[in-house]
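This is what each chain is made of:
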Amino acid sequence: FSTAGRTVDTYFGKYAVTAALERRLGDRWTLGGAVGSTVTGALNLDGAISNVSPGPLAAVTASFRPLDEGDIAPFLLLTGSAAASVAWTRAPAGGPSSTLSAFDLRLGVVAGKTIAHVVTPYVLARAFGGPVFWSIAGQSVTGTDANHYQVGAGVSVRVGRVDFVAEGVPLGELGIVAGAGLAF
């Protein structure tokens, strides 16, 4: 976060749940959206710890597959999203709450290979950025991510019309994702 010409590294961690809906537009394009909520979190700015309360989040997503999977060749998927979230923070001892707003634009690439029409391991890379607005002790601060990238891997498993996914991102902005999807 930056305020009054001073920049301070800040720990910001949160847990969230989302529900997403995607629609295929032909063989290569997908458009989608997601809504959800922050469940809980914490923000530590120079030793001043604030709890992050639940708040809404939403995203618009798109993907394009420029390379189809072949017998040997992997698939290649390009992704993009725009997201926003709002939550409120409060010191553990109480006091007034402060609004925490975050915005994100994200571009990514995913490459993978399906095995036996069931298991799809993949690798991913993403670049992103966006501002975070917050106030502490009545003073407005702005921030952004320390790392504007992610590098990781995941696996998707298809059982009938249901997909299960697990993803780990150990480089850049750290993350763990688990989910399930149903094809209509």
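For the structure, see preceding data.
Residues numbered from 1 in each chain as written. Predicted model: local features only at pLDDT ≥ 70, side-chain atom pairs only at ≥ 80, totals over all residues. Heavy atoms only, no water.

Considering the overall build of the protein
Secondary structure assignment for the protein yields zero helices and 14 strands. Listing each helix as α and each strand as β along the protein from the N terminus yields β-β-β-β-β-β-β-β-β-β-β-β-β-β. Judged by the C-alpha coordinates and their principal axes, the protein covers about 60 × 30 × 25 Å. Counting over 184 residues, the protein shows a buried share of 25%. On the protein, roughly 11200 Å² of surface is accessible, and the fraction owed to carbon and sulfur atoms is 65%. For the protein, the centre of its 12 positive side-chain charges and the centre of its 12 negative side-chain charges are spaced 6 Å apart. (Helix = DSSP H or I, 4+ residues; strand = E, 2+ residues; numbered from the N terminus. Buried < 20%, exposed > 50% of the residue type's maximum accessible area, 1.4 Å probe, protein only. Areas by Shrake-Rupley, 256 points an atom, 1.4 Å probe, with all protein chains shown as cover. Lys, Arg positive; Asp, Glu negative; His and termini not counted. Charge placed at Lys NZ, Arg CZ, Asp CG, Glu CD.)

Comments concerning the nonpolar core
In this structure, Phe 1, Val 8, Leu 43, Leu 45, Val 52, Ala 87, Leu 100, Ala 102, Val 132, Trp 134 and Val 141 together form the largest nonpolar core, which totals eleven residues. Those elements giving two or more residues to this core turn out to be strand S4 (29-45), strand S8 (98-112) and strand S10 (132-136). Among residues more than four places away in sequence, those in contact with Leu 45 are Phe 1, Val 8, Thr 10, Trp 134 and Ile 136. By size, the runner-up hydrophobic cluster in this structure holds five residues, among which are Phe 75, Val 110, Tyr 122 and Leu 124. (Core = buried A, V, L, I, M, F, W, Y, C linked by side-chain atoms within 4.5 Å. Contact = heavy atoms within 4.5 Å.)

Remarks on the pairing of strand S7 (residues 75-90)
Relative to S7, strand S5 (residues 48-52) runs antiparallel, the two sharing two bridges. Looking across to S7, one finds that Val 52 is bridged to Thr 89. Bridge count between strand S6 (residues 55-67) and S7: nine bridges; the pairing is antiparallel. Paired with Ala 62 across the bridge in S7 is Gly 80. (Pairing = 2+ DSSP bridges.)

Concerning the side chain of Ser 85
Looking at the element boundaries, Ser 85 is found in strand S7. You can call Ser 85 buried: its relative accessible area is 11%. At a separation of 3.4 Å, a polar atom in the side chain of Ser 85 contacts the side chain of Lys 14. Those residues in contact with Ser 85 that sit more than four places away from it in its chain are Lys 14, Pro 56, Leu 57, Leu 100, Ser 101 and Ala 102. (Polar contact = N/O pair within 3.5 Å; in protein donor to acceptor, adjacent residues only side chain to side chain.)

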